[in-house]
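Chains, contacts and geometry: an overview
The chain contents come next:
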Amino acid sequence: MPKWEKAACTWLEQHLLLIFLVLATLCAFLARCCMRGFISGDASTFLLPWYEQIKAGGGFAALKAQVGDYNIFYQFWIALFTYLPLAPLTAYKAFSCGFDFLLAAAAGWYVWRQSSALRGALTYAALLFTPVVFLNSACWAQCDAIYTFFVVAALLCLGYEHPLPAFILLGIAFSFKLQAMFILPVFLFVYFYKKRYSIFYFAIVPAMMLITSLPALLLGRPVSDVFGIYVAQSKAVQAMYWGYPSFWSLFCRDDYDQYEVLGTAAILLTFVLLLACMAALDRCKTALNRKTLLILAFWFSYTCVLFLPNMHERYDYLPCILAVILAFLAPRTALPALVLNGISLMGYVRFLFHVPSEVQLLAFVNLAVYAVYAVLLVQELQRQTQLAAQAPQAPSAPEPVSSAKT
(Lines give C-alpha, C1' and ligand atoms only; values in the text may rest on other atoms or scores of the structure.)
Protein backbone atom coordinates (compact mmCIF):
# COMPACT_ATOMS: atom_id res chain seq x y z
CA MET A 1 0.00 0.00 0.00
CA PRO A 2 1.44 3.43 -0.96
CA LYS A 3 2.36 5.73 1.91
CA TRP A 4 -0.24 8.34 0.97
CA GLU A 5 -2.97 5.68 0.89
CA LYS A 6 -1.84 4.26 4.21
CA ALA A 7 -1.84 7.76 5.70
CA ALA A 8 -5.33 8.38 4.31
CA CYS A 9 -6.65 5.14 5.82
CA THR A 10 -5.07 5.99 9.16
CA TRP A 11 -6.69 9.44 9.09
CA LEU A 12 -10.06 7.92 8.25
CA GLU A 13 -9.77 5.46 11.14
CA GLN A 14 -8.89 8.25 13.54
CA HIS A 15 -11.78 10.46 12.42
CA LEU A 16 -14.39 7.81 11.68
CA LEU A 17 -16.89 9.15 14.21
CA LEU A 18 -16.60 12.68 12.87
CA ILE A 19 -17.07 11.45 9.29
CA PHE A 20 -20.15 9.52 10.39
CA LEU A 21 -21.63 12.65 11.96
CA VAL A 22 -20.93 14.74 8.86
CA LEU A 23 -22.47 12.15 6.53
CA ALA A 24 -25.49 11.68 8.80
CA THR A 25 -26.02 15.44 8.88
CA LEU A 26 -25.71 15.73 5.11
CA CYS A 27 -28.09 12.82 4.45
CA ALA A 28 -30.63 14.19 6.94
CA PHE A 29 -30.44 17.61 5.28
CA LEU A 30 -30.95 16.15 1.79
CA ALA A 31 -33.85 14.01 3.01
CA ARG A 32 -35.59 17.10 4.33
CA CYS A 33 -34.95 18.99 1.12
CA CYS A 34 -36.84 16.26 -0.75
CA MET A 35 -39.94 17.07 1.32
CA ARG A 36 -39.80 20.85 0.95
CA GLY A 37 -42.67 21.02 -1.54
CA PHE A 38 -45.17 18.97 0.46
CA ILE A 39 -48.10 21.07 1.70
CA SER A 40 -49.91 19.65 4.72
CA GLY A 41 -53.50 20.42 5.63
CA ASP A 42 -52.32 22.56 8.55
CA ALA A 43 -49.98 24.51 6.27
CA SER A 44 -52.65 25.29 3.67
CA THR A 45 -55.41 26.01 6.21
CA PHE A 46 -53.50 27.81 8.95
CA LEU A 47 -49.78 28.51 8.55
CA LEU A 48 -49.75 29.98 5.04
CA PRO A 49 -52.87 32.15 5.58
CA TRP A 50 -51.35 33.42 8.84
CA TYR A 51 -48.20 34.39 6.95
CA GLU A 52 -50.19 36.29 4.34
CA GLN A 53 -52.26 38.05 6.99
CA ILE A 54 -49.17 39.13 8.94
CA LYS A 55 -47.43 40.25 5.77
CA ALA A 56 -50.47 42.28 4.73
CA GLY A 57 -50.55 43.81 8.21
CA GLY A 58 -47.03 45.18 7.84
CA GLY A 59 -44.86 42.37 9.19
CA PHE A 60 -43.85 43.25 12.74
CA ALA A 61 -46.59 45.89 12.86
CA ALA A 62 -49.13 43.06 12.64
CA LEU A 63 -48.06 41.81 16.07
CA LYS A 64 -50.39 44.35 17.67
CA ALA A 65 -53.30 41.98 16.94
CA GLN A 66 -53.69 38.22 17.27
CA VAL A 67 -53.26 36.22 14.08
CA GLY A 68 -54.13 32.53 14.30
CA ASP A 69 -54.02 30.63 17.58
CA TYR A 70 -50.27 30.25 18.16
CA ASN A 71 -48.40 32.10 20.87
CA ILE A 72 -47.12 35.63 20.34
CA PHE A 73 -43.48 34.52 20.21
CA TYR A 74 -44.15 32.20 17.26
CA GLN A 75 -46.06 35.02 15.56
CA PHE A 76 -42.93 37.14 15.96
CA TRP A 77 -40.98 34.59 13.92
CA ILE A 78 -43.69 34.45 11.27
CA ALA A 79 -43.44 38.24 11.03
CA LEU A 80 -39.68 37.88 10.60
CA PHE A 81 -40.25 35.37 7.79
CA THR A 82 -42.11 38.03 5.81
CA TYR A 83 -38.86 40.04 5.49
CA LEU A 84 -36.81 37.09 4.21
CA PRO A 85 -36.29 36.28 0.51
CA LEU A 86 -37.86 32.86 1.03
CA ALA A 87 -41.16 31.29 0.08
CA PRO A 88 -43.38 31.17 3.18
CA LEU A 89 -43.54 27.37 3.27
CA THR A 90 -39.75 27.19 2.93
CA ALA A 91 -39.30 29.64 5.79
CA TYR A 92 -41.58 27.64 8.09
CA LYS A 93 -39.88 24.37 7.28
CA ALA A 94 -36.33 25.74 7.42
CA PHE A 95 -37.01 27.17 10.87
CA SER A 96 -38.38 23.88 12.21
CA CYS A 97 -35.80 21.69 10.45
CA GLY A 98 -32.99 23.79 11.88
CA PHE A 99 -34.20 22.85 15.33
CA ASP A 100 -34.26 19.18 14.28
CA PHE A 101 -30.47 19.36 14.13
CA LEU A 102 -30.19 21.35 17.36
CA LEU A 103 -32.46 18.85 19.12
CA ALA A 104 -30.44 15.90 17.81
CA ALA A 105 -27.20 17.60 18.91
CA ALA A 106 -28.56 18.26 22.41
CA ALA A 107 -29.75 14.66 22.70
CA GLY A 108 -26.44 13.29 21.42
CA TRP A 109 -24.53 15.44 23.88
CA TYR A 110 -26.79 14.26 26.72
CA VAL A 111 -26.05 10.60 25.91
CA TRP A 112 -22.35 11.21 25.25
CA ARG A 113 -21.90 12.76 28.69
CA GLN A 114 -23.63 9.81 30.37
CA SER A 115 -22.25 6.99 28.22
CA SER A 116 -19.81 7.26 25.31
CA ALA A 117 -19.04 9.30 22.20
CA LEU A 118 -20.21 6.43 19.99
CA ARG A 119 -23.62 6.24 21.65
CA GLY A 120 -23.90 10.00 21.53
CA ALA A 121 -23.21 10.01 17.78
CA LEU A 122 -25.73 7.21 17.23
CA THR A 123 -28.34 9.13 19.23
CA TYR A 124 -27.75 12.21 17.06
CA ALA A 125 -28.20 10.22 13.85
CA ALA A 126 -31.15 8.22 15.17
CA LEU A 127 -33.08 11.35 16.11
CA LEU A 128 -32.45 13.00 12.75
CA PHE A 129 -33.92 9.97 11.01
CA THR A 130 -36.74 9.28 13.45
CA PRO A 131 -39.87 9.49 11.24
CA VAL A 132 -41.91 11.64 13.63
CA VAL A 133 -39.06 14.17 13.68
CA PHE A 134 -38.58 14.75 9.97
CA LEU A 135 -42.28 14.33 9.13
CA ASN A 136 -43.20 16.89 11.79
CA SER A 137 -40.87 19.57 10.45
CA ALA A 138 -40.20 18.78 6.80
CA CYS A 139 -43.72 17.61 5.87
CA TRP A 140 -46.12 18.99 8.45
CA ALA A 141 -44.17 22.28 8.86
CA GLN A 142 -44.89 22.17 12.60
CA CYS A 143 -42.72 23.53 15.41
CA ASP A 144 -42.63 20.67 17.90
CA ALA A 145 -38.87 20.25 17.50
CA ILE A 146 -38.43 23.84 18.65
CA TYR A 147 -40.09 23.62 22.05
CA THR A 148 -38.71 20.10 22.57
CA PHE A 149 -35.15 21.32 22.01
CA PHE A 150 -35.59 23.89 24.77
CA VAL A 151 -37.12 21.24 27.05
CA VAL A 152 -34.16 18.88 26.52
CA ALA A 153 -31.74 21.77 27.06
CA ALA A 154 -33.62 22.66 30.26
CA LEU A 155 -33.31 19.06 31.48
CA LEU A 156 -29.58 19.17 30.77
CA CYS A 157 -29.20 22.31 32.88
CA LEU A 158 -31.34 20.86 35.65
CA GLY A 159 -29.29 17.66 35.64
CA TYR A 160 -26.08 19.66 36.02
CA GLU A 161 -27.51 21.68 38.94
CA HIS A 162 -28.04 24.92 37.01
CA PRO A 163 -31.67 25.74 37.84
CA LEU A 164 -31.66 29.35 36.65
CA PRO A 165 -30.84 28.61 32.98
CA ALA A 166 -33.06 25.53 33.23
CA PHE A 167 -36.11 27.65 34.09
CA ILE A 168 -35.19 30.26 31.47
CA LEU A 169 -35.08 27.56 28.80
CA LEU A 170 -38.33 26.09 30.09
CA GLY A 171 -39.93 29.54 29.80
CA ILE A 172 -38.78 29.79 26.18
CA ALA A 173 -40.24 26.34 25.51
CA PHE A 174 -43.57 27.52 26.95
CA SER A 175 -43.36 30.59 24.73
CA PHE A 176 -43.57 28.29 21.71
CA LYS A 177 -46.00 25.54 22.74
CA LEU A 178 -48.30 24.80 25.65
CA GLN A 179 -47.24 21.12 25.48
CA ALA A 180 -44.08 22.11 27.34
CA MET A 181 -46.28 21.76 30.45
CA PHE A 182 -45.78 17.97 30.22
CA ILE A 183 -42.33 18.48 31.73
CA LEU A 184 -43.45 20.65 34.66
CA PRO A 185 -44.00 17.65 37.00
CA VAL A 186 -40.27 16.90 36.76
CA PHE A 187 -39.35 20.40 37.91
CA LEU A 188 -41.88 20.15 40.72
CA PHE A 189 -40.55 16.78 41.83
CA VAL A 190 -36.93 17.99 41.82
CA TYR A 191 -38.02 21.05 43.81
CA PHE A 192 -39.57 18.94 46.60
CA TYR A 193 -37.02 16.12 46.43
CA LYS A 194 -33.73 18.02 46.33
CA LYS A 195 -34.75 21.41 47.73
CA ARG A 196 -31.97 23.08 45.73
CA TYR A 197 -33.95 26.05 44.38
CA SER A 198 -36.74 28.33 45.53
CA ILE A 199 -40.39 28.07 44.54
CA PHE A 200 -39.95 31.55 43.07
CA TYR A 201 -37.90 30.04 40.25
CA PHE A 202 -41.18 28.88 38.73
CA ALA A 203 -42.09 32.55 38.21
CA ILE A 204 -39.28 32.67 35.63
CA VAL A 205 -41.47 30.70 33.21
CA PRO A 206 -44.25 33.31 32.85
CA ALA A 207 -41.60 36.04 33.04
CA MET A 208 -39.85 34.56 29.99
CA MET A 209 -43.18 34.38 28.18
CA LEU A 210 -43.59 38.10 28.82
CA ILE A 211 -40.04 38.89 27.72
CA THR A 212 -40.39 36.95 24.47
CA SER A 213 -43.66 38.80 23.82
CA LEU A 214 -42.15 42.27 24.32
CA PRO A 215 -42.29 43.30 20.62
CA ALA A 216 -46.07 42.79 20.65
CA LEU A 217 -46.54 44.32 24.08
CA LEU A 218 -44.68 47.46 22.99
CA LEU A 219 -47.12 47.73 20.10
CA GLY A 220 -50.05 47.82 22.51
CA ARG A 221 -51.02 44.19 23.04
CA PRO A 222 -52.42 43.62 26.55
CA VAL A 223 -50.43 41.37 28.88
CA SER A 224 -53.46 39.11 29.18
CA ASP A 225 -52.98 38.09 25.55
CA VAL A 226 -49.69 36.38 26.40
CA PHE A 227 -51.44 33.80 28.54
CA GLY A 228 -54.97 34.08 27.17
CA ILE A 229 -53.92 32.49 23.88
CA TYR A 230 -53.27 29.19 25.65
CA VAL A 231 -56.59 29.41 27.46
CA ALA A 232 -58.30 29.91 24.10
CA GLN A 233 -56.38 26.96 22.62
CA SER A 234 -57.54 24.66 25.41
CA LYS A 235 -61.16 25.62 24.75
CA ALA A 236 -61.03 25.60 20.94
CA VAL A 237 -61.51 21.84 20.58
CA GLN A 238 -62.68 19.87 23.61
CA ALA A 239 -62.92 16.12 23.26
CA MET A 240 -61.81 13.14 25.30
CA TYR A 241 -59.35 12.35 22.53
CA TRP A 242 -58.45 14.14 19.34
CA GLY A 243 -56.63 11.80 16.99
CA TYR A 244 -54.18 10.36 19.54
CA PRO A 245 -54.79 6.75 20.74
CA SER A 246 -54.97 7.64 24.42
CA PHE A 247 -56.60 5.74 27.26
CA TRP A 248 -59.87 7.57 26.60
CA SER A 249 -60.09 6.53 22.96
CA LEU A 250 -60.87 2.99 24.14
CA PHE A 251 -64.41 3.86 25.19
CA CYS A 252 -65.09 7.50 24.30
CA ARG A 253 -66.04 9.38 21.16
CA ASP A 254 -64.10 12.31 19.77
CA ASP A 255 -66.93 14.77 20.40
CA TYR A 256 -67.82 17.51 22.86
CA ASP A 257 -70.60 15.78 24.80
CA GLN A 258 -68.47 13.28 26.68
CA TYR A 259 -65.83 15.91 27.42
CA GLU A 260 -68.39 17.92 29.38
CA VAL A 261 -69.08 14.85 31.52
CA LEU A 262 -65.60 13.25 31.80
CA GLY A 263 -63.10 15.99 30.93
CA THR A 264 -62.52 17.29 34.46
CA ALA A 265 -62.39 13.76 35.87
CA ALA A 266 -59.72 12.82 33.30
CA ILE A 267 -57.58 15.80 34.26
CA LEU A 268 -57.92 14.97 37.96
CA LEU A 269 -57.08 11.30 37.29
CA THR A 270 -53.88 12.34 35.50
CA PHE A 271 -52.99 14.63 38.39
CA VAL A 272 -53.49 11.79 40.89
CA LEU A 273 -51.37 9.40 38.79
CA LEU A 274 -48.53 11.92 38.64
CA LEU A 275 -48.82 12.61 42.35
CA ALA A 276 -48.76 8.88 43.13
CA CYS A 277 -45.60 8.45 41.04
CA MET A 278 -43.91 11.32 42.88
CA ALA A 279 -44.92 9.92 46.27
CA ALA A 280 -43.62 6.46 45.38
CA LEU A 281 -40.32 7.86 44.14
CA ASP A 282 -39.90 9.91 47.30
CA ARG A 283 -40.82 6.98 49.51
CA CYS A 284 -38.27 4.71 47.83
CA LYS A 285 -35.55 7.38 48.07
CA THR A 286 -34.85 7.06 44.38
CA ALA A 287 -31.44 8.33 43.29
CA LEU A 288 -31.88 11.48 41.26
CA ASN A 289 -29.07 11.75 38.73
CA ARG A 290 -29.03 12.82 35.09
CA LYS A 291 -30.15 9.40 33.88
CA THR A 292 -33.03 9.04 36.31
CA LEU A 293 -34.02 12.63 35.56
CA LEU A 294 -34.44 11.64 31.92
CA ILE A 295 -36.48 8.60 32.99
CA LEU A 296 -38.80 10.78 35.05
CA ALA A 297 -39.14 13.33 32.25
CA PHE A 298 -40.16 10.58 29.87
CA TRP A 299 -42.51 8.86 32.31
CA PHE A 300 -44.31 12.00 33.42
CA SER A 301 -44.74 13.33 29.86
CA TYR A 302 -45.94 9.93 28.60
CA THR A 303 -48.45 9.74 31.47
CA CYS A 304 -49.78 13.20 30.61
CA VAL A 305 -50.29 12.35 26.94
CA LEU A 306 -51.85 8.98 27.64
CA PHE A 307 -54.37 10.07 30.28
CA LEU A 308 -55.14 13.73 29.66
CA PRO A 309 -58.14 14.47 27.43
CA ASN A 310 -58.06 16.39 24.16
CA MET A 311 -54.74 14.95 22.94
CA HIS A 312 -53.79 15.60 19.30
CA GLU A 313 -51.64 13.31 17.12
CA ARG A 314 -48.55 15.47 17.62
CA TYR A 315 -48.86 15.94 21.36
CA ASP A 316 -46.78 12.82 22.04
CA TYR A 317 -43.75 14.35 20.31
CA LEU A 318 -41.89 15.02 23.57
CA PRO A 319 -42.22 11.50 25.07
CA CYS A 320 -41.31 9.97 21.68
CA ILE A 321 -38.09 11.99 21.57
CA LEU A 322 -37.24 11.24 25.20
CA ALA A 323 -37.89 7.54 24.52
CA VAL A 324 -35.28 7.54 21.73
CA ILE A 325 -32.71 9.25 23.97
CA LEU A 326 -33.49 6.85 26.81
CA ALA A 327 -33.10 3.83 24.52
CA PHE A 328 -29.40 4.65 24.08
CA LEU A 329 -28.86 5.04 27.82
CA ALA A 330 -30.98 2.04 28.82
CA PRO A 331 -30.89 -0.36 25.81
CA ARG A 332 -33.59 -2.60 27.30
CA THR A 333 -36.09 0.15 26.51
CA ALA A 334 -35.18 0.19 22.79
CA LEU A 335 -38.04 -2.10 21.72
CA PRO A 336 -40.86 -0.25 23.52
CA ALA A 337 -39.34 3.02 22.23
CA LEU A 338 -39.60 1.65 18.69
CA VAL A 339 -43.22 0.61 19.22
CA LEU A 340 -44.09 3.94 20.84
CA ASN A 341 -42.71 5.85 17.89
CA GLY A 342 -44.52 3.48 15.54
CA ILE A 343 -47.83 4.29 17.25
CA SER A 344 -47.15 7.99 16.80
CA LEU A 345 -46.14 7.43 13.17
CA MET A 346 -49.51 5.85 12.43
CA GLY A 347 -51.18 9.08 13.49
CA TYR A 348 -48.85 11.10 11.28
CA VAL A 349 -49.47 9.09 8.14
CA ARG A 350 -53.21 9.09 8.83
CA PHE A 351 -53.23 12.88 8.86
CA LEU A 352 -50.57 13.62 6.24
CA PHE A 353 -51.13 10.84 3.72
CA HIS A 354 -54.67 9.67 4.58
CA VAL A 355 -53.57 6.13 5.45
CA PRO A 356 -56.32 4.69 7.69
CA SER A 357 -55.56 3.17 11.07
CA GLU A 358 -57.66 1.86 13.93
CA VAL A 359 -57.34 4.24 16.87
CA GLN A 360 -58.83 1.84 19.41
CA LEU A 361 -56.40 -0.95 18.48
CA LEU A 362 -53.48 1.45 18.71
CA ALA A 363 -54.75 2.53 22.14
CA PHE A 364 -54.55 -1.08 23.40
CA VAL A 365 -50.98 -1.31 22.11
CA ASN A 366 -50.19 2.06 23.67
CA LEU A 367 -51.38 0.91 27.09
CA ALA A 368 -49.37 -2.31 26.72
CA VAL A 369 -46.25 -0.27 25.95
CA TYR A 370 -46.98 1.90 29.00
CA ALA A 371 -47.14 -1.24 31.17
CA VAL A 372 -43.86 -2.59 29.74
CA TYR A 373 -42.18 0.72 30.39
CA ALA A 374 -43.49 0.68 33.97
CA VAL A 375 -41.67 -2.59 34.65
CA LEU A 376 -38.46 -1.68 32.82
CA LEU A 377 -38.17 1.79 34.30
CA VAL A 378 -38.83 0.64 37.86
CA GLN A 379 -36.03 -1.88 37.44
CA GLU A 380 -33.73 0.79 36.03
CA LEU A 381 -34.55 3.21 38.84
CA GLN A 382 -33.82 0.50 41.40
CA ARG A 383 -30.49 -0.23 39.71
CA GLN A 384 -29.53 3.44 39.68
CA THR A 385 -30.48 3.76 43.34
CA GLN A 386 -28.31 0.77 44.24
CA LEU A 387 -25.39 2.16 42.27
CA ALA A 388 -25.77 5.52 43.98
CA ALA A 389 -25.83 3.84 47.39
CA GLN A 390 -22.59 2.00 46.60
CA ALA A 391 -20.78 4.94 44.98
CA PRO A 392 -19.98 6.97 48.14
CA GLN A 393 -18.41 3.95 49.87
CA ALA A 394 -14.66 4.26 49.67
CA PRO A 395 -12.87 0.98 48.99
CA SER A 396 -11.71 -0.53 52.23
CA ALA A 397 -8.11 -1.58 52.75
CA PRO A 398 -7.42 -5.25 52.01
CA GLU A 399 -7.57 -7.47 55.02
CA PRO A 400 -4.43 -9.28 56.21
CA VAL A 401 -3.93 -12.66 54.63
CA SER A 402 -4.05 -14.37 57.99
CA SER A 403 -7.51 -13.02 58.84
CA ALA A 404 -8.84 -13.85 55.39
CA LYS A 405 -8.01 -17.50 55.94
CA THR A 406 -9.56 -17.81 59.37
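Scroll up for the structure.
Some remarks on the overall build of the protein
Across its full length, the protein holds 19 helices and zero strands. By the compact-globule yardstick of 22 Å for 406 residues, the protein fits well, its C-alpha radius of gyration being 23 Å. Along the first, second and third principal axes, the C-alpha atoms of the protein reach 90 × 70 × 45 Å. Burial analysis of the protein (406 residues in total) assigns 50% to the buried set. Intrachain contacts of the protein at a sequence separation of at least 6 include 74% that bridge at least 24 residues. Summing over all exposed atoms, the protein offers an accessible surface of approximately 19,000 Å²; the carbon and sulfur share of this is 71%. With 25 positive and 19 negative side-chain charges, the protein shows a spacing of 11 Å between the two charge centroids.

Some words on a nonpolar patch on the surface
Where nonpolar side chains cluster on the molecular surface, the patch consists of Leu335, Leu338, Val339, Leu361 and Val365 and spans about 460 Å² of accessible area. For the nonpolar patch, the secondary-structure elements that each account for two or more residues are α17 (334-352) and α18 (359-390). The greatest single-element share of the nonpolar patch, amounting to three residues, is contributed by α17. In this structure, Val339 sits in helix α17.

Focus: the pattern of salt bridges
Summed over the entire model, instances satisfying the criterion amount to eight salt bridges. Of the charged contacts in the structure, one is a salt bridge between Glu161 and Lys194, with a shortest N-O distance of 2.8 Å. Of this pair, Glu161 sits in the loop between α8 (144-159) and α9 (163-176) while Lys194 sits in helix α10 (residues 184-194), placing them 33 residues apart in sequence. Overall, the relative accessible area of 25% leaves Lys194 in the partly exposed class. Between Glu161 and Arg196 there is a salt bridge, and its shortest N-O distance comes to 3.1 Å. Taken together, the residues span a long stretch of sequence, with Glu161 in the loop between α8 and α9 and Arg196 in the loop between α10 and α11 (204-212) at a distance of 35 residues. The exposed category is assigned to Arg196, whose relative accessible area is 53%. Linked through salt bridges whose partners overlap, the residues forming this network are Asp144, Lys177 and Arg314.

Notes on the nonpolar core
Ranked by internal contacts, the top residues of the largest apolar core, which has 127 residues, are Ile183, Phe187, Leu322 and Tyr373. In this structure, Ile183 is in contact with Val151, Leu155, Leu170, Ala297, Leu318 and Leu322, ignoring residues within four places of it in sequence.

Let's talk about unusual backbone geometry
Phi is positive for Lys195, which is not a glycine, with a value near 55°. Structurally, the position occupied by Lys195 is in the loop between α10 and α11. Phi is positive for Lys285, which is not a glycine, with a value near 55°. Note on placement: Lys285 falls in the loop between α14 (256-283) and α15 (290-307).

Brief notes about the packing of α17 against α18
At a minimum axis separation of 9 Å, α17 and α18 run at an interaxial angle of 155°. For the element pair α17 / α18, the angle class is roughly antiparallel. For the element pair α17 and α18, the recorded crossing hand is left-handed. Residue-level inspection shows Pro336, Ala337, Val339, Leu340, Ile343, Met346 and Arg350 of α17 in contact with α18, the latter providing Val359, Leu362, Val365, Asn366, Val369, Val372, Tyr373 and Leu376. Taken together, the residues of the contact of α17 with α18 break down into 13 nonpolar, one polar and one charged.

Side note on the environment of Ile39
One can find Ile39 in the loop between α2 (16-33) and α3 (41-56). The class for Ile39 is partly exposed, based on a relative accessible area of 49%. As for Ile39 and Trp140, which are separated by 101 residues in sequence, their C-alpha atoms are 7.3 Å apart. Not counting residues within four places of it along the chain, the set of residues in contact with Ile39 comprises Ser44, Leu48 and Leu89.

Re the side chain of Gln384
By secondary structure assignment, the location of Gln384 is in helix α18. For Gln384, a relative accessible area of 9% puts it in the buried group. Of note is the side chain of Gln384, whose polar atom sits 3.2 Å from the side chain of Asn289.

A closer look at the packing of aromatic side chains
Applying the stated rule across the entire model yields 45 aromatic pairs. Seen from their ring centres, Phe38 and Phe353 are 5.5 Å apart, and the 65° between their planes marks the pair as edge-to-face. With a gap of 315 residues between them, Phe38 in the loop between α2 and α3 and Phe353 in the loop between α17 and α18 connect regions that are remote in the sequence. On the basis of relative accessibility, which here comes to 26%, the residue Phe38 falls in the partly exposed class. Summarising the aromatic geometry, the rings of Tyr197 and Tyr201 are spaced 5.8 Å apart at their centres and angled 40° between planes, so their arrangement reads as tilted.

About the thresholds
Residues numbered from 1 in each chain as written. Predicted model: local features only at pLDDT ≥ 70, side-chain atom pairs only at ≥ 80, totals over all residues. Heavy atoms only, no water. Helix = DSSP H or I, 4+ residues; strand = E, 2+ residues; numbered from the N terminus. Rg over C-alpha atoms; globule rule 2.2 N^0.38 Å. Buried < 20%, exposed > 50% of the residue type's maximum accessible area, 1.4 Å probe, protein only. Contact = heavy atoms within 4.5 Å. Areas by Shrake-Rupley, 256 points an atom, 1.4 Å probe, with all protein chains shown as cover. Lys, Arg positive; Asp, Glu negative; His and termini not counted. Charge placed at Lys NZ, Arg CZ, Asp CG, Glu CD. Patch = residues over 30% accessible without salt bridge, like charges linked within 9 Å, V, L, I, M, F, W, Y side chains within 5 Å. Salt bridge = Lys/Arg side-chain N within 4 Å of Asp/Glu carboxyl O. Core = buried A, V, L, I, M, F, W, Y, C linked by side-chain atoms within 4.5 Å. Axes fitted to C-alpha atoms, helices over the stretch in contact; angles between N-to-C directions. Parallel < 35°, antiparallel > 145°, perpendicular 65-115°, else oblique. Left-handed = near helix turned anticlockwise from the far one by under 90°. Nonpolar A, V, L, I, M, F, W, Y, C, P; charged D, E, K, R; others polar. Polar contact = N/O pair within 3.5 Å; in protein donor to acceptor, adjacent residues only side chain to side chain. Phe/Tyr/Trp six-rings, centres within 6.5 Å; stacked < 30°, edge-to-face > 60°.

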